Every structure is written in structure tokens, then in C-alpha cells.
Amino acid sequence: MSISLAEASKLSNDVLLQGIIETIIKDSPILQELPFIQIVGNSLKYNREKTLPGVGWYAPITGDWVTSEPEFEQVSATLQILGGDADVDNFLKTTRSNIQDLETAVIEQKAKAMQHEFENAFLNGTGASEQPSGLYVLLSDTAWTADTAMEVGDIVVPTEGLENGFRYECTAAAGDKKTHGTTEPTWPTQEGATVVDDQVTWTCKYGHWQGTGANGATLTLANLDKLIDLVRGGKPDMLLMSKRSRRKIQALVRASGTVLETRPGMFMEQIQLYNGIPIQVNDWVKDDYTVGTSDVCSAIFAFQMGEGGVCGLSSPEMLQVERLGSLATKDATRTRVKWYVSLALFSTVKAAMMTGVLD
């Protein structure tokens, strides 16, 4: 069972913890909506959906039934420690008229810092330096390169900037390793179609990465629609982008003679909608990703949230507040805010990204 931070705060009797959670989620559309699975232990091993099983139509009595199994990739996500210490100077506590206001202000700033860092890792986490892997890493695949040895089961996408929303699996039958050719093949765009690349046969699979061109390209509504269509099994729950990309979408929609719809959010803020999908902006969606010769590209992410899509992982306690008390090394009182947290992508067809987005 998964639970959002907002719902978790309702189950806590700790007023300070409730205040920290409200501070964290107030300015974060990600944390307002993202559900978290509470896990016991320090990691979760799960099966990531790759391909659905096939079915068919069969004649009565004489029909020859064909077995078709779903494909899963077993992956694991490890909880990482996010947190920090909020120190309140004892001199200020003694001389200020309202001690609670001072302590609250210090802890609130620490909570905001945790929100910023989680959002950064949610998008750009590398899986190294004690960070979880973020969406940019989870949705990236290895680009095709010329004259390279491949193994059956390896996955590639077209060369940088030309990603087309499909992945290609090496399904060569003979031998463990093959070498593909020196010229990039013409990639099929139908699920299950194949293309021969020297000694390798590539089979087309649904993917989640849409490029815009070898050096990026100006955002168009047509490309945005393609991104949305990469998320299968329903519409995305969110379109996450930079402020620059949102401004471009607003301009494109106005130029078409219409305006974006809006609806109230959790804190009664107005949320813009594109085709009924909430548009959310985040400062950690960069406008300086490099694609080809362009180093001013942005990205747009579309995803469903929940136990079948993008989901957070947390220890059962969720956010924790520890009052450590007086310090021996300085005249201050310390409160520690920490969170054992990570991120999981349960299905490769429930999230997608478009890269190479220019203004």
C-alpha cells in the first residue's frame, strides 16, 4: 500500500512533524502527489514491467493455443538518507521573546532545503554519491553506436537526439555476442517489427524517450502530444517541465486561439492543464542539458504515479524528527530532520521524457 506525505501527516500526532511535512509539500507539486511505499529493510527488489504477454483469437476445438509470457526486468532500489541538523543558538533562544518562532523558522528552512534536494534527486539523481536514480537516468537508454559487440537481450535507442519513442532489443539467435554494423539502420516503429543490422537482429519494443532532433529543436505541440502518447494505459498524471517550457506552451496555445484550462490545487493555487493533464514546473528541470552541439536544451517529463508507475519508497516512519538536545561543541540546541527515501519505476510504459527541447 502506498501513501502520500499529505496523508501521512494526518496519521502523526507530532505537531512539529506535521508542520515540516506541510512546509515540504506546499511548494512542491511532486511531493503533493507522489505516493510512497513504506518498506521494511534498506532496499526493495521488484519486477519492472517491460512487455505485456500476447493474446490471440482462436477457432473453437481446433484452435492451436500459443504461449506468450510477459517480460519483466528485476531491479532493486536502495533507501538513501536525506536529512540535516537544525541548530538553534542558545543565546538567541534566551534573548528572543518568542523561542518557538525562532526554532520553527530554523527547522522550516531545513525542511525547505530537504524539499529542494529531493526534487533535484527525483529528476537528476545519478544513483551515485548516496543519491537515488532520478527520472532522467531511469528513462535513459544506451544509444546505438557503430561496430559494437552486443549480447542477446541488450537494449539500444537511436543515436542522440533521434530517439523515437521505441527501444530495440538484440534478439540475434546464434552465439552470445554479435557485432552490429557501421551504418545505423532504419529503425522500425511498430511493436514486434525487426531490422537486421549486420550480425544483429533488433526487435522493436515500446519505449519512453522522445528526441526532437540531432541538436534539439523548438518545442511544438505536436511533439508534446507524442510525448503524452508514450505513456500507455491512460493519460499521464503530470507534465513536469521548466518555466521556460511552460512559457513556450502558453505561447503556442495562445497562438492557436485558445487558452490553457485551470483547476485549483491542494492549497487552492491555480494549476494549468494541457489536454486535461496538469502542467507543473520545477526549477530542477534544467534548461542547459546538452544534445548534439546545443547546450541550452531542456526536457519534459510525463508520468503516471502509483504502484504501477513512478512511486516513492520510504521507511515505515516516513519523515522523522529527532530532538537531540544541547550540543557539547557549541552553545546550541539541535533538532535532526531525516528521511530514508528512494524512487522506483515499476513500468517502463508509465513514464516518458522528451529531450532536446528548445525555446
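In every chain, residue numbers begin from 1 and rise along the written sequence. Where totals are concerned, whole chains, interfaces and linings use all residues; where local detail is concerned, this predicted model gives features only for residues with pLDDT of at least 70, and gives and counts side-chain atom pairs only at 80 or more. To get the side-chain values, take all heavy atoms of the structure and skip hydrogens and water.

Undergrad: Where do I start with unusual backbone geometry in this structure?
TA: Across residues other than glycine, the phi torsion is negative in most instances, and most of the peptide bonds are trans. With a phi angle near 55°, N275 is a residue other than glycine that sits in the positive phi range. One can find N275 in the loop between strand 15 (270-274) and strand 16 (277-281). Note on classification: 1.4 Å probe, protein chains only; a residue is buried when its accessible area is under 20% of the maximum for its type, exposed when over 50%, partly exposed between these limits. Assessed through its relative accessible area of 45%, N275 is described here as partly exposed. Secondary structure elements follow DSSP: runs of H or I no shorter than four residues count as helices, runs of E no shorter than two count as strands, and numbering proceeds from the N terminus.

Undergrad: What exactly am I supposed to notice about the pattern of salt bridges here?
TA: For side chains bearing opposite charge, pairing can occur when the charged atoms are close. Salt bridge, as used here, is a side-chain nitrogen of Lys or Arg placed within 4 Å of a carboxyl oxygen of Asp or Glu. On inspection of all chains with the given rule, the structure shows ten salt bridges. Here E169 and K205 are joined by a salt bridge, their closest N and O atoms 3.8 Å apart. With E169 in strand 8 (residues 164-170) and K205 in strand 11 (residues 200-210), this pair connects stretches of sequence that are 36 residues apart. Assigned by exposure class, E169 and K205 land together as buried. Among the charged side chains, a network of salt bridges with common partners joins D85, D87, K330, R334 and R336.

Undergrad: Would you mind going over the side chain of K338 with me for this structure?
TA: With respect to the helices and strands, K338 occurs in strand 21 (residues 332-345). Here a polar contact means two N or O atoms within 3.5 Å. Within protein one must be a hydrogen donor candidate and the other an acceptor candidate, and residues neighboring in sequence count only if both atoms are side-chain atoms. A distance of 3.2 Å separates the side chain of K338 from the side chain of Y340, its partner in a polar contact. The contact criterion used throughout is that any non-hydrogen atoms of two residues lie within 4.5 Å. Here K338 is in contact with L82, G83, M114, M318, L319, Q320 and E322, once residues within four sequence places are set aside.

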